[in-house]
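Summary of structural features
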Amino acid sequence: MMPRWMAGSFSVCLLAALSWAVWSLPTAPKGLTAESLARLAESGVTNPVTAVLLNFRGYDTLLEVGVLLLAIVGVWSLRRADWPRTAGGDFTMLAPFLRVALPLLVLAAGYLLWIGAFAPGGAFQGGALLGGALVLAVLGGRGRHILNRRDLLAIGLVLGVLVFVVAAALSMLLSGGLLQFPSGQGGVWILVIESAALISIGLTLGLLYLGGRPSKGGLPRHD
Amino acid sequence: MALLILAPLTTAALAVVIPRRGRGLAFVTAVVVGAAVTGLFRELRDHGVRIHQVGGWGAPLGIDLRVDGLALLMLCVTAGIGIAVALYATRYFASNLNLGQNRPQEPKDEATHRDYYFWPIFLFLWTALNALFLSADIFNLYVTLELLGFAAVTLVALAGGPAALSAALRYLTVSLSASLFYLLGVGLVFGQCGTVDLPSLAAQRESGPALWVALGLMTGGLITKAALFPMHFWLPPAHANAPAPVSALLSALVVKGPFYILLRLWFEAFPTLLTPAVTQGFGVLGAGAILWGSIQALRQQRLKLLVAYSTVAQLGYLFLLLPLCSNSGGGGMAWSGALMLLGAHACAKAAMFLAAGNILHVTGHDRIQGLDGFARSLPMSAFAFGLAGLSLVGLPPSGGFAGKWLLLNAALTQGQWWWVAILLIGGLLAAAYVARVLTHAFTHLDGEATVRHALPRIMEWTPLGLALLAVLLGFASDGAARLLEVGAPALAQAAKGRMEP
Amino acid sequence: MTEIDHRVYLAASAIVFVIGFYSLLVQAHVLRRIMALNVMGSGVFLFLIALGSQTPGPVPDPVPRAMVLTGIVVSVCATGLALALADRVQDTTDRCEISEANRHTASSDRKSGIEAEHSEGSAS
């Protein structure tokens, strides 16, 4: 912690510098719009953001899926899961709602994944919905027997990374370049990678909410 | 090239699913990465700089991976330290099971827990470092920095215990805010130049307020992550409280990552902005780090904190590269000198932390006052500590000597005598703090040997091997200098400076 | 978007970032610091989004948008990790009040043996 006057003067200096910089930025930035749109057709999808995320800069996303996995492994290494106190309670309203909402949410996540190829959406958006569904399920005391199976969860968590890595290695064998999908097949490759990523992202986000490793069963059996 | 990233990432993911096979997976990774680095070395020698366009798009739309002499040197250092630390850790995390009699027995679960989580996170750390050194894209570098930071923090927290956990938490907050500064800088660069690819940025040769501020933000973030004085405050507690193999990794490798990005940014992407005021500024911070870090190291009561402050000081030498390299004449010398120091420090510091880990393990504490005669109970560790100290002080024939010698020569050639003074004072201070430990090691040898239980042999040999490597690196300086010339941005700049005086 | 709008968004992003930075410096509580980091992150993301929206033509630049998506995911992970770590620190230091007293008698304990008694740095 720092005295307020010192922090204040640092912040004012920073703000002045940032404003100066922002003001001097070109009003018509060069950007990469033209390049990305020009080569959109080769990417296998028509949504430019998905094209950037999964194809043009797919390597970033590969590492990012790694970051997600590392984060949940880190959280697991730190703590045991906290089950919300509401879990296992009697939910006269919530239980019927969840019966309808959970399948709908999963369906919506899948839809977002699919639509991501043409319109706003994709694995991260779908994953966020899936994660939300998982949080709802946890709050409603559902699925606890599955969420305690650490071995199953681990497989789900690493699925995104493993499929992505296998795709990267395969593409290298087929076309000589890391993540260089054979021409014309980009869409299929992206869909496969994104589907695996969707599951891992959803699981990771949901399990981050639990804030620790599930405490019983599965590997490693040392609790 | 791609194997260097795919192999550790795959094994890291597998180690999450089958934690009891973590050790074996790390072994596989070590073999694959070692082979890949050797292969790259051959390619580089025969064909010069290697570029791999990920996805086949090519920069600026796609991301390029690139290996030049500097990147290869960093990859070699990472592979070497990574393999050594992995060897040490195979026993370290297992040997917690047979602690001395008069110490509270650590629950077996806890040791297993650490063993199970160390390996996947260690492999993630390796992935992050390899990816960092290969990347030629400043946004991609941000992702690698985050991967590196998360892995480093989690490994520190693995030690458990209040001190380590608080240190890890502070490390995480500092590291995250530094990353955000860096990311905002990347955004500004993108707004100004429309690209985040290093060579494309270099080709544009733009300048302007936005780039100055962007570089300021990125540099601020990176020196915080690299623990350059005065942003080093988070380093000593984090490095001193981590488990021994983790301390070795952090001091030897992790802080070098952001330093590497700084070199790329200033020398490669924006060499035109590298004015004398900037380079002298870096030099002043470096000098501050050398003096402050060494003095603090002298004042510490605990061995691991002493070694951690020594890291603060040694990082300062690396930043002397900037004032000494941007002038023509002797620039190349400073370049290879600083990077030789980097390699030598990596080996020496890893050796020191591993040796300190042995001392802590056997004596149960690391208070310097209470270490009398540990050379008797741990002769190999004491010897390793001494050899590593030789390199830190900069005595011939060590790698530290070769590096400092080149830096000194560069400073003398350019008439920048004040850096000569700093280099010499830094050496003397280092000699003082190393001697402080060694006098304790070799006094009262007649006392009762305090061996509570034997150390696994590999834990004795690894630090010794690393320390020997640090000393022998001095003989490899010619080869390393030739390697560094492959695509060296600073050399190109020095040549340009000579051409248009 | 007009040029003025664009500038307003960019300036706003700078302000949001600095607000986060200020809180990070002055707040002591871990939870507030984590929130400050998130505010800083939002500033960066707003900046990138504003940057991408200013290109000529109907389609905004997809590259900064993809960067923001990456950044958000990283920031969610960071928050999760930081919260877990903060909670663990709180747990351990609570328990530590007891072991703190023990430390002087049983100083050979592996973990507390290296507790940082460093002369600087603990101030912040």
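A brief structural summary. Just so it is clear, the structure is predicted and the values come from calculations on it, not from any experiment.

Conventions we followed
- Residues numbered from 1 in each chain as written.
- Chains lettered and ligands numbered in written order.
- Predicted model: local features only at pLDDT ≥ 70, side-chain atom pairs only at ≥ 80, totals over all residues.
- Heavy atoms only, no water.
- Helix = DSSP H or I, 4+ residues; strand = E, 2+ residues; numbered from the N terminus.
- Buried < 20%, exposed > 50% of the residue type's maximum accessible area, 1.4 Å probe, protein only.
- Contact = heavy atoms within 4.5 Å.
- Areas by Shrake-Rupley, 256 points an atom, 1.4 Å probe, with all protein chains shown as cover.
- Rg over C-alpha atoms; globule rule 2.2 N^0.38 Å.
- Lys, Arg positive; Asp, Glu negative; His and termini not counted.
- Charge placed at Lys NZ, Arg CZ, Asp CG, Glu CD.
- Salt bridge = Lys/Arg side-chain N within 4 Å of Asp/Glu carboxyl O.
- Phe/Tyr/Trp six-rings, centres within 6.5 Å; stacked < 30°, edge-to-face > 60°.
- Lys NZ or Arg CZ within 6 Å of the ring centre and 35° of its normal.
- Core = buried A, V, L, I, M, F, W, Y, C linked by side-chain atoms within 4.5 Å.
- Buried area = accessible area lost by both parts, 1.4 Å probe.
- Polar contact = N/O pair within 3.5 Å; in protein donor to acceptor, adjacent residues only side chain to side chain.
- Nonpolar A, V, L, I, M, F, W, Y, C, P; charged D, E, K, R; others polar.

**So, the overall build of chain C**
In terms of regular secondary structure, chain C is built from 3 helices and 0 strands. Each helix (α) and strand (β) of chain C, taken in turn from the N terminus, gives the series α-α-α. Within the span of chain C, comprising 124 residues, buried residues form 50% of the whole. Residue pairs at least 24 apart in sequence account for 52% of intrachain contacts in chain C once pairs closer than 6 positions are excluded. Only carbon and sulfur atoms are counted for the fraction: they give 61% of the accessible area of chain C, which is about 5,500 Å².

**What to know about the overall build of chain A**
The secondary structure content of chain A amounts to 10 helices and 0 strands. Listed by position from the N terminus, the elements making up chain A come as α-α-α-α-α-α-α-α-α-α. Taking 223 residues into account, the globule formula puts the C-alpha radius of gyration at 17 Å, and chain A, at 22 Å, lies well above it. The C-alpha extent of chain A, read off along each of the three principal axes, is 60 × 60 × 40 Å. By the burial criterion, 54% of the 223 residues in chain A qualify as buried. At a minimum sequence separation of 6, the contacts of chain A that also span at least 24 residues come to 77%. Surface exposure of chain A reaches about 9,500 Å², of which carbon and sulfur atoms provide 70%. Charge-centre separation for chain A: the mean point of 15 positive side chains lies 11 Å from the mean point of 9 negative side chains.

**Some thoughts on the pattern of salt bridges**
Side chains that differ in charge, positive against negative, can pair when their charged atoms come close. Evaluation of the coordinates by the stated rule reveals 13 salt bridges over all chains. For the salt bridge of Arg57 of chain A with Asp60 of chain A, the shortest nitrogen-to-oxygen distance reads 2.9 Å. Since its relative accessible area comes to 2%, Asp60 of chain A is described here as buried. Of the charged contacts in the structure, one is a salt bridge between Asp137 of chain B and Arg57 of chain A, with a shortest N-O distance of 2.8 Å. Taken together, the residues Asp137 of chain B in the loop between helix 4 (108-134) and helix 5 (138-157) and Arg57 of chain A in the loop between helix 4 (48-56) and helix 5 (58-78) connect one chain to another. Salt bridges sharing partners connect three or more residues here, namely Arg66, Asp68, Arg264 and Glu268 of chain B.

**Some details on the packing of aromatic side chains**
Using the criterion set out here, one finds 23 aromatic pairs over all chains in the structure. Ring centres of Phe181 of chain B and Phe21 of chain C lie 5.2 Å apart, and the angle between their planes is 75°; on these two criteria the pair is classed as edge-to-face. Separated into two different chains, Phe181 of chain B in helix 6 (residues 162-193) and Phe21 of chain C in helix 1 (residues 3-26) make up a pair that spans both. Of the aromatic side chains, those joined through ring pairs into one cluster are Tyr88, Tyr92, Phe93, Phe118, Trp119, Phe122 and Trp126 of chain B. Across from the ring centre of Trp23 of chain A, 4.6 Å away, lies the NZ or CZ of Arg7 of chain C, which sits over that ring.

**As for the nonpolar core**
Ranked by size, the top nonpolar core spans 302 residues in total, and within it Leu18, Tyr59 and Leu69 of chain A together with Ile81, Ile138, Tyr182 and Trp335 of chain B carry the most contacts. Those residues in contact with Ile81 of chain B that sit more than four places away from it in its chain are Ala252, Leu253, Ala346, Cys347, Ala350 and Leu466 of chain B. Grouped together as the second largest cluster of nonpolar side chains are 5 residues, Leu98, Leu102, Leu105 and Ala137 of chain A included.

**Some thoughts on the interface of chain B and chain A**
Counting residues at the interface gives 55 residues for chain B, matched by 53 residues for chain A. Area buried by chain B at its contact with chain A is led by Trp57, Leu61 and Tyr117 of chain B, which between them contribute 16% of it. At the boundary of chain B and chain A, one finds 2 salt bridges. The salt bridge involving Glu206 of chain B is made with Lys30 of chain A; its shortest N-O contact spans 2.4 Å. Seen at the junction of chain B and chain A, the total is 9 residue pairs in polar contact (both at pLDDT 80 or more). Where the side of chain B that touches chain A is concerned, the elements lending two or more residues are helix 1 (3-17), strand 1 (50-54), strand 2 (63-67), helix 4, helix 5, helix 6 and helix 8 (209-225) of chain B. At 9 residues, the largest contribution of residues to the side of chain B that touches chain A is made by helix 5 of chain B. Looking at side-chain class alone, the side of chain B that touches chain A contains 38 nonpolar, 13 polar and 4 charged residues.

**Considerations on unusual backbone geometry**
The amide bond that connects Ala59 of chain B to the next residue, Pro60 of chain B, takes the cis arrangement and shows omega of 5°. With an omega dihedral of 5°, the bond running from Pro396 of chain B to Pro397 of chain B counts as a cis peptide bond. Note on placement: Pro397 of chain B falls in the loop between helix 17 (379-393) and helix 18 (399-413). Of note in this structure, Leu179 of chain A is not a glycine but carries a positive phi near 55°.

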